[in-house]
Amino acid sequence: MKGVRLTGHRLLEFVDADMPVAADGEVLIKMNRLSICGSDLRTYDRVHPEEMYPLGLGVPCHECLGEVVESRSDGLAVGDKVIVIPTKTGGLVEYVADAPDRCIKLPKGGDLSVWMMAQPVGTVMYAIQQIGSVLGKRIAILSQGPIGLAFTQLLAAAGAREVIVTDLLDYRLDVAKKIGATHTINPNKSDVIDSIREITNGEMVDIAIEACGRPETSHEVFQALRLQGTAVLFGMTHVDDVFPFDYHAMYLKIPKIIVTNSARAGANIKAITECVDLMDQGRLDLSYLVTHRLPFADVQLAYDTYSEKRDQSLKTVMQLD
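Everything in this summary refers to the structure shown in the same document. (Residues numbered from 1 in each chain as written. Predicted model: local features only at pLDDT ≥ 70, side-chain atom pairs only at ≥ 80, totals over all residues. Heavy atoms only, no water.)

Some words on helix 5 (residues 170-178)
Quick note on the threshold: We call a residue buried when its accessible area falls under 20% of the maximum for its residue type, exposed when it is over 50%, and partly exposed in between, using a 1.4 Å probe and counting protein chains only. In DSSP terms, a helix is any run of H or I states spanning at least four residues, a strand is any run of E spanning at least two, and both are numbered starting from the N terminus.
Three or more residues of helix 5 are buried, namely Tyr171, Arg172, Leu173, Val175 and Ala176. Of the residues trailing helix 5, Gly180 is marked for its positive phi of about 130 degrees.

Section: the pattern of salt bridges
Definition in use: The salt bridge criterion pairs a side-chain nitrogen of Lys or Arg with a carboxyl oxygen of Asp or Glu, the two atoms within 4 Å.
In the structure shown here, the tally under the stated rule is 21 salt bridges. The salt bridge partner of Asp45 is Arg10, with a shortest N-O separation of 2.8 Å. Of this pair, Asp45 sits in the loop between helix 1 (41-44) and strand 4 (63-71) while Arg10 sits in the loop between strand 1 (2-8) and strand 2 (11-16), and the two are 35 residues apart along the sequence. Residue Asp45 is classed as buried on the basis of its relative accessible area of 17%. Arg138 is the partner of Glu203 in a salt bridge, and the nearest nitrogen-oxygen pair spans 2.7 Å. Placement of the pair is Glu203 in the loop between helix 6 (192-199) and strand 11 (205-210) and Arg138 in strand 8 (residues 138-142), with a sequence separation of 65 residues. What emerges from the salt-bridge pattern is a single network uniting Arg10, Asp45, Asp304, Glu308 and Arg310.

Remarks on the pairing of strand 5 (residues 81-84)
Put simply, the rule reads: Think of it this way: DSSP has to see at least two bridges between two strands before they count as a pair.
Relative to strand 5, strand 4 runs antiparallel, the two sharing four bridges. Directly across from Gly66, in strand 5, lies its bridge partner Val82. One ladder, built from three bridges, connects strand 5 with strand 7 (residues 103-105); its direction is antiparallel. Along strand 7, the bridge assignment pairs Val82 with Lys105.

Just geometry here; none of it tells us what the structure is for.
Spelled out as structure tokens, the structure:
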């Protein structure tokens, strides 16, 4: 089968790889859709030591959707469409073999690229569940990439009083407005904290969410809070894992701090399943996230488009069928 490896800084190459074999209790899945996550850029955009290249087969990718073509398990049948979180390789491959408990079965019909969005948005749903009720709350969401936009959509629907969002790109702020943001701030044009202070009449927000893992937003998440507000740290660091931290700003607010990661908590399968259920009921439309569709053969273009935010991109989905 064909697979992809990262062979150098931002350099993806196709390789021939052994066809995986489904063991007892497993299923063989033919990939149909692959999507890029912001966390993949931690691997793609960084310059790794030369001896690390090439990275493992299929890396970096974990947002995967495919069809069961062989089943050695009672849990799934041939023909089932599933979101799969692969454990043996990265997702940039034509086939994976894995256990059914790493899969989320999808309803029949619908746009597979849109169903793929349940994977990232499920992780946001898990984070919001850790917060509790947001009814009537003032919320700031720092960054409006796909993850930040999902927070905006879900929190607005959950009854937040004000949903104040920030991003450096106006097109993302425009999307945020359409899905529920009450106020938008571009840090290139306005001071974030001064703007939040003005919007809230000096009261600041009840909940501030860091959704991109950047030093600037890691400071702002505490500066934006009211006294004893809740800071939610969702974003993964991008290029630098260690950077100066404004401890004083945090300490003065004596906040409740929630660090959330559904995969590390072992809750990602459940969270994605819950997202699929909401989509199946027609209560959650994620079609706006899919802005770019490319064939798997254009994997390099797909990653560059996502990394460089070309052509007003949000989510870039690769198609294998």
